Amino acid sequence: MFRKLAQAAGAVFAVALSAALLGSGTAVADPGRPVLGGGSGLIVSSEPGRMSGMAIQCTLTTIGHDRAGRLVGLTAGHCGTPGHEVYSEQDPGAGTLGRFVYSNQELDYAVLQFDPGRVTPVNRVGNLSITGVGGPAQFPNIVCKEGRTTGNTCGIAYGDIFASSIETWSQMCVMEGDSGAPVVVGSTLVGMVNAYLAIACFGPEVGTNMSTIMGDIDSRAGVGSGFRPI
């Protein structure tokens, strides 16, 4: 669902992205490294190595290190595929910060690998902090998310309505661009935003559980395996 909506929004955003990345006669890039954490806005180039292609805006779920010490992050799988480049929405002129290295379309999550020399990783963005990873939210937990479109919103968790052992439904406001947003109970990361039903900010939100994502990443024993958030 979010794929089509994100692509439509990306078509409008592509021209602005190209201008930001290529720069203008008076623009001066921020010499500091872009700050990224769970809830940060991401720009994903739809054509690896090309700045002029359609851009998709999504949200970073979390950032941290894997067992091998690599700086990695997560977002929704429909935001990109291996090779697609990642930029900071707040500072697109900083250039490529990382790339998609794995995308699971069934579970709708993706692993990103960042250049540690180009990113300042943090565990707090806006009103949301991540101090650890935990099991799925259950009814009637209150869950919150931080998305690049709608910011910080909270609502009641309905739980795994269809007994999928994969996803959790909740009543939170989400819109296009919030894909990948971290879902927390307190400061414990329990899932990510993947879609909403029917009407933005009115229909329920559904997202993949972090326990499911972590299990799949560890089973592959590749980039992201043994992930721990900053």
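Residues numbered from 1 in each chain as written. Predicted model: local features only at pLDDT ≥ 70, side-chain atom pairs only at ≥ 80, totals over all residues. Heavy atoms only, no water.

Novice: Mind showing me how you'd approach the overall build of the chain here?
Specialist: Looking only at helices and strands, one finds two helices and 20 strands in the chain. For the chain, the residues scored as buried account for 53% of the 230 residues in total. Of all intrachain contacts in the chain linking residues separated by at least 6 positions in sequence, the fraction that spans at least 24 positions is 63%. Accessible surface computed for the chain: about 9,600 Å², of which carbon and sulfur atoms make up 57%. (Helix = DSSP H or I, 4+ residues; strand = E, 2+ residues; numbered from the N terminus. Buried < 20%, exposed > 50% of the residue type's maximum accessible area, 1.4 Å probe, protein only. Contact = heavy atoms within 4.5 Å. Areas by Shrake-Rupley, 256 points an atom, 1.4 Å probe, with all protein chains shown as cover.)

Novice: Explanation requested: the confidence of the model for the chain in the structure shown.
Specialist: Detailed reading of predicted coordinates is not advised where the pLDDT is low. Within the chain, residue pLDDT values average 87, and 83% of them lie at 70 or more. Contacts of residues 1–30 to residues separated by more than four positions or lying in other chains number 41 contacts, the stretch itself having pLDDT below 50. (pLDDT = per-residue confidence, 0-100.)

Novice: Can you help me understand empty space enclosed by the protein in this one?
Specialist: Gaps left between atoms show up when a probe the size of a water molecule is rolled over them. Considering all chains together, one arrives at one cavity of 30 Å³ or more under this definition. Approximately 100 Å³ is the volume attributed to the largest cavity. Along the walls of the largest cavity sit 13 residues, with Thr168, Val183, Val190, Gly191 and Asn209 positioned nearest its centre. Looking at the lining of the largest cavity, the elements that each hand over two or more residues are β15 (167–170), β17 (188–192) and β19 (205–208). (1 Å grid on protein atoms, 1.4 Å probe; cavity = no way out; pocket = protein on both sides within 12 Å on 5 of 7 lines; lining within 4 Å. Points joined across faces, edges and corners; volume = space filled by probe spheres on them.)

Novice: I keep staring at unusual backbone geometry and nothing clicks. Help me out?
Specialist: Glycine aside, negative phi is the norm for most residues, and most peptide bonds take the trans geometry. Residue Pro140 follows Phe139 across a cis peptide bond; omega there is 5 degrees. Residue position: Pro140 is located in the loop between β12 (132–133) and β13 (142–147). Even without being glycine, Ala163 reaches a positive phi, approximately 50 degrees. Look at Ala163 and you get exposed, because its relative accessible area is 62%. The backbone of Ala198 sits at a positive phi, close to 70 degrees, despite the residue not being glycine. Along the chain, Ala198 turns up in the loop between β18 (195–196) and β19. Ala198 gets classed as exposed once you look at its relative accessible area, which sits at 66%.

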